[in-house]
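The lines below spell out each chain.
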Amino acid sequence: MDLEAIRKEFLQQVFDETHYEPVAEKLAIYAKACGEQAPQFTDPAHPDFQAAPTFPSSLHAGRRLPEDFPKLPGLGMDGGKAVTNHAPIRAGQPLIGRSHIEDVYAKSGRSGTMTFIVLRMNLYNAAEELLATADPDDLRDPEQAVKLATRAVELAPEAGKAWQSLAVGQYRAGDWEESITTLAGAMKLRSGGDSYDW
């Protein structure tokens, strides 16, 4: 695989444009699901109400990768998120998300070589002002995760870890309110939970 050729052809090329319109109630639920307590993120009536700083990383593009991007060996996995906020995101403010590949690189170690693809989404308002730059969740399949975790809970209803997995899946699928309830139940089953719950 010629990573240099892939980089030359695909880096910094916008391959998706998706439109969003943040709703105040959902922004507040998202903030609470993240553990935010500041009223400017949790109370839509607050005079400076805005999306929590990590909100841009929860948005999904219409496409995961460019249409003609080559199939790379192995499984996709999420290596973390980076969000840079340039201006507040407000409820009712139409957003335009433009996705591109920021970088493609390989690392070798004891377990072999792994190839990394860094996806990036720039969020703009209707006036084309850059509001945020985020690494979206696009290599995940949150709906499938919820389906599998739900089955795990059905098979082992007393297993707190299964409930915790369901809560994480719900969170990543955008069902933030339900994820809060599910995580609270998981913590009860796990004697109050641990650092993975926070």
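Residues numbered from 1 in each chain as written. Predicted model: local features only at pLDDT ≥ 70, side-chain atom pairs only at ≥ 80, totals over all residues. Heavy atoms only, no water.

Asker: Give me the side chain of T18: which residues, what numbers.
Answerer: As for its placement among the helices and strands, T18 is situated in strand 1 (residues 16-20). Within the structure, T18 has its side chain in polar contact with the backbone nitrogen of G62 (distance 3.0 Å). Among residues more than four places away in sequence, those in contact with T18 are H60, A61, G62, L95, I96 and G97. (Helix = DSSP H or I, 4+ residues; strand = E, 2+ residues; numbered from the N terminus. Polar contact = N/O pair within 3.5 Å; in protein donor to acceptor, adjacent residues only side chain to side chain. Contact = heavy atoms within 4.5 Å.)

Asker: Tell me what's going on with the packing of helix 5 (residues 160-172) against helix 6 (residues 176-189), and back it up with residues and numbers.
Answerer: Interhelical geometry of helix 5 versus helix 6 gives an angle of 165° and a closest axis separation of 8 Å. By the criterion of interaxial angle, the relationship of helix 5 to helix 6 is roughly antiparallel. The element helix 5 and its partner helix 6 pack so that their crossing is left-handed. Along the contact surface, helix 5 presents G160, W163, Q164, L166, A167, Q170 and Y171, while helix 6 presents W176, E178, S179, T182, L183, A186 and L189. (Axes fitted to C-alpha atoms, helices over the stretch in contact; angles between N-to-C directions. Parallel < 35°, antiparallel > 145°, perpendicular 65-115°, else oblique. Left-handed = near helix turned anticlockwise from the far one by under 90°.)

Asker: Account for a negative patch on the surface, naming residues and giving values.
Answerer: A contiguous patch of negative charge on the surface is contributed by E25, D175, E177 and E178. Tracing the backbone through its elements, the reader meets D175 in the loop between helix 5 and helix 6. (Patch = residues over 30% accessible without salt bridge, like charges linked within 9 Å, V, L, I, M, F, W, Y side chains within 5 Å. Areas by Shrake-Rupley, 256 points an atom, 1.4 Å probe, with all protein chains shown as cover. Salt bridge = Lys/Arg side-chain N within 4 Å of Asp/Glu carboxyl O. Lys, Arg positive; Asp, Glu negative; His and termini not counted. Charge placed at Lys NZ, Arg CZ, Asp CG, Glu CD.)

Asker: Give a description of the packing of aromatic side chains that names residues and reports values.
Answerer: Under the counting rule described, the total for this entry stands at six aromatic pairs. Their ring planes at 80° and their centres at 5.5 Å tell us that Y30 and F55 sit as a pair that is edge-to-face. Here Y30 is found in helix 2 (residues 24-33), whereas its partner F55 is found in the loop between helix 3 (39-42) and strand 2 (83-85), with 25 residues between them in sequence. When sorted by exposure, Y30 lands in the same class as F55, which is buried. Seen from their ring centres, Y30 and Y171 are 6.0 Å apart, and the 25° between their planes marks the pair as stacked. Of this pair, Y30 sits in helix 2 while Y171 sits in helix 5, placing them 141 residues apart in sequence. Owing to a relative accessible area of 1%, Y30 belongs among the buried residues under this scheme. On the basis of relative accessibility, which here comes to 27%, the residue Y171 falls in the partly exposed class. (Phe/Tyr/Trp six-rings, centres within 6.5 Å; stacked < 30°, edge-to-face > 60°. Buried < 20%, exposed > 50% of the residue type's maximum accessible area, 1.4 Å probe, protein only.)

Asker: Break down the packing of helix 4 (residues 142-155) against helix 5 for me, with residues and values.
Answerer: For the pair helix 4 and helix 5, the least separation of the axes is 8 Å and the interaxial angle reads 160°. Our classification of the angle between helix 4 and helix 5 gives roughly antiparallel. Between helix 4 and helix 5 lies a crossing whose hand is left-handed. Contacts between helix 4 and helix 5 involve P142, V146, A149, T150, A152 and V153 from the first element and A162, W163, S165, L166, G169, Q170 and R172 from the second.

Asker: Tell me about the pairing of strand 3 (residues 95-109), and please be specific about residues and values.
Answerer: Both strand 1 and strand 3 contribute to a ladder of five bridges, which runs antiparallel. Across the sheet, the residue bridging to E17 is R98, located in strand 3. Alignment of strand 3 against strand 4 (residues 112-124), held across 13 bridges, turns out to be antiparallel. If you follow A106 over to strand 4, its bridge partner there is T115. Here strand 3 hands over to strand 4 after two residues, the two strands then running antiparallel side by side. (Pairing = 2+ DSSP bridges.)

Asker: Can you tell me about the nonpolar core, naming the residues and giving the values?
Answerer: Y20, F55, L59, I89, L95, M121 and L123 are the most contacted members of the largest nonpolar core, which has 20 residues in total. Secondary-structure elements contributing two or more residues to this core are helix 2, strand 4 and strand 5 (130-134). Per element, the largest residue contribution to this core is five residues, and it comes from helix 2. Leaving out residues up to four positions away in the same chain, Y20 has contacts with L59, H60, A61, Q93, P94, L95, G97, M121 and L123. (Core = buried A, V, L, I, M, F, W, Y, C linked by side-chain atoms within 4.5 Å.)

Interpretation in functional terms is not warranted from these geometric data alone.
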